[in-house]
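# Examining the three-dimensional arrangement
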Amino acid sequence: MHILVVDDEQIQREMLAGFLKNQGYNVITAAGGAEALNSFEDYPLDLVLLDHRMGDMNGDEVLAKMKARNPLIHAIMITAYGAVETAVKVMQLGADDFLEKPVDLEKLLAKIRTIDEQLIVAREADQVAEGVQAEDLPIKIIGDSAKMQNIFSMVKRAAPTPWTILVRGETGTGKELIGRLIHGLSPRNNKPFMELNCAAVPENLFESELFGHEKGAFTGADKKRKGLFEQAHGGTLFLDEVGEIPAPVQAKLLRVLQEKTITRLGSSSQVDVDVRIVAATNRDLKNMVDEGLFREDLFFRLNVIEMQIPPLRERKEDISALLDFFLAKYSEVPVTLASEAMTQVMKYNFPGNVRELEHLVQRLITMTRGTTINLSDLPPEIRSSQSTDLQGSLGEQLAAFEERLLTEALKANGWVQTRAAEQLGISERVLRYKMQKAGIKKG
């Protein structure tokens, strides 16, 4: 991370710079606002530590100029003790945080590390998006929210490894898509991706599905058949609803994962298999282990890397982009939602998650007359829904609410930013910055 320290007090400036250099950061300094703006133009900076009161230019003026040139720059303002009004103002200008003098170095370091983690997650999420496009994968995953960006970052790190991955999440959150993305970004992407819905397989057919069988192994086995492990050799096997695997099969699956060999039903010969397992479940496997319903050793074997896919109610900021995607996918002509309908959709908590949203769009396109979906076109459960979503921290809830307001204002004003900014009571520059920060784009 490249950090610019701006302070007209030499002792304070050198103290902060020396401390951060000792922490391994690349640091340059500036003794005032004008020098800071020159450095801002000359160096690739990630973060600015900015004193509020300086001789030639106030910190908020410097920050405003920097944000106008690069809305993505991160900033921490250093203010006088007790300057609450100043703190509020600099946060409105787009500062990530503020600290009061005298600076608590441990607090400063914690805030910088948080920003550093956000930058890493954003970069890795961008790399995942580029990878999906480069590999031309047959999937589309929408997720500009912070929680989904974090998932994409985890995918980027985990995909190249050989480890098993457990994807957890409610029904309809897109666990299979994440499994396909992991496979597509892995070194196995030119080999098969096989999937099995464990909840849909009769117990007496599980072994045959996974391990295959020889001719005559059981009634109806009129020819030899390779199981999914052999079919997925060299690639990835996605086990959906893995918590539904019967206990006897759990033991045999564990042995296959340990020994990397399978034995077809009706055969005594072992077959070597090289398969990467991605398992998915909407159940709490740890609780199932405690209740004796799932083998503990198998749980630990599957849970090398765990990913928790957030439900749609916890990432409502993605709803607008998901709607645009599904409307474009299923409608033969451009279709839009009226602002009142959009507001009501945003209030709904979607217990069926992304899958329910997709089915909603399919229904609306089929039943709505015209190219505008109005409030009256929505199903009764959505028209009458009231937002009761109090999930996440206060900051997450405020960010989601702010993004909702921005999106609604932009759509209500035909995406004309000057009119939307006027409706919201903010400047157009601030609106552009907030759009960039939240990932809001016209569909």
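Provided above is the structure to which this section pertains.
Given the structure is predicted, the values throughout are model-derived calculations rather than measurements. (Residues numbered from 1 in each chain as written. Predicted model: local features only at pLDDT ≥ 70, side-chain atom pairs only at ≥ 80, totals over all residues. Heavy atoms only, no water.)

### Some thoughts on the packing of helix α2 (residues 33-42) against helix α3 (residues 59-69)
Geometry of a packed helix pair, given as the angle between the helix axes and the separation of the axes. Heads up, the condition is: Throughout, an axis means a line fitted to C-alpha atoms (over the contacting stretch in the case of helices), and angles, computed between N-to-C directions, take values from 0 to 180 degrees. Every helix listed is a DSSP run of H or I at least four residues long, and every strand listed is a run of E at least two residues long, numbered separately from the N terminus. Between 65 and 115 degrees an angle is taken as roughly perpendicular, under 35 as roughly parallel, over 145 as roughly antiparallel, and anywhere else as oblique. Helix crossings fall into two classes, left-handed where the near helix is turned counterclockwise from the far one by less than a right angle and right-handed where it is turned clockwise. For this analysis, residues touch if any pair of their heavy atoms sits within 4.5 Å. Only Asp, Glu, Lys and Arg are considered charged in this grouping, and only Ala, Val, Leu, Ile, Met, Phe, Trp, Tyr, Cys and Pro are considered nonpolar; every other residue, Gly among them, is considered polar.
Contact geometry of α2 with α3 gives a least axis separation of 10 Å together with a crossing angle of 15°. Here α2 lies roughly parallel to α3, going by the angle between them. α2 and α3 meet at a crossing whose hand is right-handed. Between α2, through Gly33, Ala36, Leu37, Phe40 and Glu41, and α3, the contact on the second element is made entirely by Val62, Lys65, Met66 and Arg69. Along the lines of polarity and charge, the residues of the contact of α2 with α3 split into 5 nonpolar, 1 polar and 3 charged.

### Re the side chain of Ser331
Let me state the cut-off plainly: Think of it in three bands: with a 1.4 Å probe and only protein chains considered, a residue is buried below 20% of the maximum accessible area for its type, exposed above 50%, and partly exposed in between. Two N or O atoms count as a polar contact when they lie within 3.5 Å, although within protein this holds only if one can serve as hydrogen donor and the other as acceptor, and sequence-adjacent residues are included solely when both atoms are side-chain atoms.
Relative to the elements of secondary structure, Ser331 occurs in the loop between α13 (319-330) and β15 (336-337). Its relative accessible area of 14% is what places Ser331 among the buried residues. Among the polar contacts made by the side chain of Ser331, one reaches the main-chain carbonyl oxygen of Val333 at a distance of 2.4 Å.

### Details of empty space enclosed by the protein
The line we're drawing: The definitions used throughout rest on a 1 Å grid laid over the protein atoms alone, on which a cavity is an enclosed set of points accommodating a 1.4 Å probe that cannot get out and a pocket is an open set flanked by protein within 12 Å on both sides along at least five of seven lines; lining residues are those having an atom within 4 Å of a point. Grid points are joined across faces, edges and corners, and a volume is the space filled by probe spheres set on the points.
One pass over the full model with this rule turns up 1 cavity of 30 Å³ or more. As a volume, the largest cavity reaches approximately 40 Å³. Lining the largest cavity are Leu337, Ala338, Ser339, Met342, Glu408 and Lys411. Broken down by class, the residue content of the lining of the largest cavity amounts to 3 nonpolar, 1 polar and 2 charged.

### Here we look at the sheet that holds strand β13 (residues 276-281)
Inclusion rule: By definition, two strands form a pair when at least two bridges between them are found by DSSP.
Strand order in this open sheet of 5 strands is β7-β10-β13-β6-β14, and the pairing throughout is parallel. In this open sheet, the two strands that pair with only one neighbour each are β7 (193-197) and β14 (305-308). Across the sheet, the axes of successive neighbouring strands diverge by a mean angle of 15°, strand direction being ignored. Bridge count for strand β10 (residues 236-240) against β13 is 4 bridges, and the pairing is parallel. When the bridges of β13 are listed, Thr236 appears paired with Arg276. Docked against the sheet, helix α6 (residues 146-158) engages β6 (165-168), β13 and β14, running at close to 160° with respect to β14.

### So, the packing of α13 against helix α15 (residues 353-367)
Relative orientation of the contacting elements α13 and α15 amounts to 45°, with a least axis distance of 10 Å. Classified by the angle between their axes, α13 and α15 sit oblique to one another. α13 and α15 meet at a crossing whose hand is right-handed. The segment α13 lies against α15, with Ile319, Leu322, Leu323, Phe326, Leu327, Lys329 and Tyr330 engaging Val354, Leu357, Glu358, Val361, Gln362 and Ile365. Looking at the contact of α13 with α15, its residues break down into 10 nonpolar, 1 polar and 2 charged.

### A word on the environment of Leu93
Residue placement: Leu93 occurs in helix α4 (residues 84-93). Using a relative accessible area of 15% as the deciding quantity, one classes Leu93 as buried.

### With respect to the pairing of β13
With 6 of 6 residues buried, β13 is to be regarded as a mostly interior element. Every second residue of β13 is oriented toward a common face, with Arg276, Val278 and Ala280 on one face and Ile277, Ala279 and Thr281 on the other, all of them buried. Here β6 runs beside β13; their pairing, made up of 4 bridges, is parallel. By the bridge assignment for β13, Ile165 is matched with Val278.

### Digging into the packing of aromatic side chains
Short version of the rule: Here the aromatic set is Phe, Tyr and Trp, taking the six-membered ring for Trp, and pairing holds for ring centres within 6.5 Å; pairs whose planes are under 30 degrees apart are stacked, those over 60 apart are edge-to-face, and all others are tilted.
If you walk through the whole model with that rule in mind, you get 6 aromatic pairs. Taken together, the ring pairs connect Phe325, Phe326 and Tyr330 into an aromatic cluster.

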